[in-house]
Amino acid sequence: MDVNSRDADRVEKGFDPEEKEEYDKNNKEVKGAETSVEQIFESQEVPSWRKQLTMRAFVVSFALSILFSFIVMKLNLTTGVIPSLNVSAGLLGFFFVKTWTKILHKSGLLKQPFTRQENTVIQTCVVASSGIAFSGGFGSYLFGMSERISKQSGDTGGFKNLSLGWIVGFLFVVSFLGLFSVVPLRKIMVIDFKLTYPSGTATAHLINSFHTPQGAKLANFLWGFFQWFFTAGDDCGFANFPTFGLKAYKNRFYFDFSATYVGVGMICPYIVNISLLLGGILSWGLMWPLIETRKGDWYPANLSSSNMHGLQGYKVFIAIALILGDGLYNFFKVLSRTLTGLFYQVQGGQTLPVANEPAPDTSKNLTYDEQRRTQLFLKDQIPTWFSIVGYVTIAVISTIILPHLFHELKWYYILVMYIVAPILAFCNAYGTGLTDWSLASNYGKLAIFTIGAWAGSHGGVLAGLAACGVMMNIVSTASDLMQDFKTGYLTLASPRSMFISQVIGTAMGCIVSPCVFWLFYKAFDDLGLPDSEYPAPYAVIYRSMSTLGVQGFSSLPKNCLLLCYVFFGAAILINFVKDCLGKKWGSFIPIPMAMAIPFYIGPYFTIDMCVGSLILFVWEKINKAKADAFGPAVASGLICGEGIWTLPSSILALAGVKPPICMKFLSRATNQRVDTFLGS
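Quick caveat, the model's predicted, so the values are computed rather than measured.

## Observations concerning the overall build of the protein chain
Link 1 in the chain: In terms of regular secondary structure, the protein chain is built from 31 helices and 0 strands.
Link 2 in the chain: Counting across all 680 residues of the protein chain, residues that qualify as buried make up 55%.
Link 3 in the chain: Across the protein chain, contacts joining residues at least 24 apart in sequence account for 84% of those joining residues at least 6 apart.
Link 4 in the chain: Here the protein chain has roughly 29600 Å² of accessible surface; of this, 65% comes from carbon and sulfur atoms.

Listed below in structure tokens is the structure:
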């Protein structure tokens, strides 16, 4: 009786330090044979989907959502390069809850152990919430609607004054559609097509093995606090250290001591960081200095540095050309792979599986892990009718509300988008499973041009930007949810708990992300300006795309269109050559999308990211096993440590508290003039 009771109450605890002896024993038993994760957990019962959704999980998720929203917002408003944060969310979720449960365990107050399923719920909720900081367009289409960006662009497309109220309302209306659009496809994508979803798979392996970041966060927080003391004025502090000399600093070649971007560099593949650096050298090292010598010929000499009819126009539109060339190539590549994959699935004698029907019995061909995971993944169903009713209901509500938020966005524009959106959401979710590359921003750009051109000069700029927001939110949340379903599949987390966690996380994000953005918006008066700490480069780029879709090419400076054609074609050619060379040699070819980013904002952050790559490279040469095991943890610590400091620094700026010291670097001649002036 007592034994049965204990068996019934026992749930999966994971790798507790208290169970180390048992774990070592299990390891010895499977040593020499292929390790089965689920056999290690075989004696432990998986909690029901309701028990996976705990109050402490959502409390931790909310706290981490705020932290990650600050991190994503900072990246959004500086470079626009957002690494996958799934791993970091899994790491920190485990670290915080495990620390709490250890304290409760020692005090005898622990009622429910911490399981990997609960860890997956936290990771899903945090990524869903912080994902809104990206898909919400705070550094792109939404900020591009503002008067500040409108003045920078110099167009006459109108603007919409930013307000926390309508931003929150807009996100609640459009952010849930993507979730309902792909729920019926979860079995098809994860079990039948066996799509890899590399980020989701990596996160699941991490959660299963319980790697945890330690130490780096606090030290890095203190480093951010230390740097703040020396930033009392413009161009002050370590972030403006002229590492390669003042001439290079003028062209934005310097190391700015940003631990965030060093950590991002450790996460991003080597070729991404090299591509960023090459793009910075090509643009700020060669092209912009050469074009600047044509001042007075190619563009008026009396224009300000931020005027889109001057040098700024070349920076923005050539970057757009590279982004569009790369994006369109990959869009059609992923689309063709999607259609080809579907064709072979059907030709292979398999009909497309139905989400709520069990798959044919193929257990003889499955490993123990696959049988166990498939059994539990199909156990808790989400009815297809629920998904369809949910999608249609939200689509109707948003079709009614959105035209009131954006008068330029007509109801029939929205209706057409909602008819097409599930197809694009499927393509993006399928493509992400194949390539780990979400094309959400490219689908958004497609909406900018189509809806912007459809609306024309009668509010087409704002209509295009609003349409971009609708489409980006749908396809982005769709691929995120499918990544999380893959993680849940590999950690035995219920699809129901994954879906509910995603919904709750999305709701959190619709409130947290706008509040974080509003804090930045109010704390930094120069937010969005090219030479500011937070230039928000993609806001101008997205606005310029929408303007281009409405006005055409007549507003571009001299020879800018020709250069755009050249770089658009070059992006397609580079991708084509990369694919032709195959995986081995193609991995050495730079990525045009990454090369385009420093064209506008400068290469300073690429130096940081390459330092991160160098650290990881040396570490791998010394001890590859440890680098693979602990590299993500160290990178997460670097990113999160500076992210933690971002919150108090923003609050201090908002409260008007200034740093006490300005550390500035001057040339010898300038320094002599300053000394002479001060001595007079």
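## Examining the confidence of the model for the protein chain
Link 1 in the chain: Across the protein chain, the average pLDDT comes to 79, with 83% of residues at or above 70.
Link 2 in the chain: Within the model, the stretch residues 211-219 combines pLDDT values under 50 with 18 contacts to residues more than four positions away or in other chains.

## Describing the packing of aromatic side chains
Link 1 in the chain: Under the defined criterion, the tally for this structure stands at 31 aromatic pairs.
Link 2 in the chain: Between Trp411 and Tyr412, the aromatic rings sit 5.6 Å apart at their centres with planes inclined by 85°, giving edge-to-face as the arrangement.
Link 3 in the chain: For the pair Tyr413 and Trp454, a centre-to-centre distance of 4.6 Å together with 50° between the ring planes defines the contact as tilted. Of this pair, Tyr413 sits in helix 21 (residues 411-435) while Trp454 sits in helix 22 (residues 440-455), and the two are 41 residues apart along the sequence.

## Brief notes about unusual backbone geometry
Link 1 in the chain: Positive phi values are uncommon outside glycine, yet Leu492 reaches one of about 65°.
Link 2 in the chain: With respect to the secondary-structure elements, Leu492 resides in the loop between helix 23 (460-491) and helix 24 (495-523).
Link 3 in the chain: Given the relative accessible area of 5%, Leu492 is considered buried.
Link 4 in the chain: Look at Ala536: it is not a glycine, yet its phi comes out positive at around 45°.

## Some thoughts on the nonpolar core
Link 1 in the chain: Of all hydrophobic cores here, the largest spans 165 residues; its most connected members are Phe170, Leu402, Tyr418 and Phe517.
Link 2 in the chain: Considering every element that reaches this core, the biggest residue donor is helix 23, with 18 residues.
Link 3 in the chain: The next biggest cluster of nonpolar side chains, apart from the first, holds 9 residues, and it includes Ala259, Val262, Ala627 and Leu638.

## Thoughts on the packing of helix 17 (residues 270-292) against helix 28 (residues 592-601)
Link 1 in the chain: Packing of helix 17 against helix 28 leaves a shortest axis separation of 7 Å and a crossing angle of 40°. Relative to helix 28, the element helix 17 lies oblique. Like other packed secondary-structure pairs, helix 17 and helix 28 cross with a definite hand, here right-handed. Taking contact as the criterion, the partners of Val272, Ser275, Leu276, Gly279, Gly280, Leu282, Ser283, Trp284, Met287 and Trp288 in helix 17 are, on helix 28, Ala594, Met595, Ile597, Pro598, Phe599, Tyr600 and Ile601.
Link 2 in the chain: Classifying every residue of the contact of helix 17 with helix 28 by side-chain character gives 13 nonpolar, 4 polar and no charged.

## Quick notes on the pattern of salt bridges
Link 1 in the chain: Per the counting criterion, the structure on display carries 5 salt bridges.
Link 2 in the chain: A salt bridge links Asp297 to Lys558, with the nearest nitrogen and oxygen atoms 3.4 Å apart. Taken together, the residues span a long stretch of sequence, with Asp297 in the loop between helix 17 and helix 18 (311-347) and Lys558 in the loop between helix 25 (537-551) and helix 26 (560-580) at a distance of 261 residues.
Link 3 in the chain: Assessed through its relative accessible area of 38%, Asp297 is described here as partly exposed.
Link 4 in the chain: Note on Lys558: relative accessible area 43%, which makes it partly exposed.

Conventions we followed
Residues numbered from 1 in each chain as written. Predicted model: local features only at pLDDT ≥ 70, side-chain atom pairs only at ≥ 80, totals over all residues. Heavy atoms only, no water. Helix = DSSP H or I, 4+ residues; strand = E, 2+ residues; numbered from the N terminus. Buried < 20%, exposed > 50% of the residue type's maximum accessible area, 1.4 Å probe, protein only. Contact = heavy atoms within 4.5 Å. Areas by Shrake-Rupley, 256 points an atom, 1.4 Å probe, with all protein chains shown as cover. pLDDT = per-residue confidence, 0-100. Phe/Tyr/Trp six-rings, centres within 6.5 Å; stacked < 30°, edge-to-face > 60°. Core = buried A, V, L, I, M, F, W, Y, C linked by side-chain atoms within 4.5 Å. Axes fitted to C-alpha atoms, helices over the stretch in contact; angles between N-to-C directions. Parallel < 35°, antiparallel > 145°, perpendicular 65-115°, else oblique. Left-handed = near helix turned anticlockwise from the far one by under 90°. Nonpolar A, V, L, I, M, F, W, Y, C, P; charged D, E, K, R; others polar. Salt bridge = Lys/Arg side-chain N within 4 Å of Asp/Glu carboxyl O.

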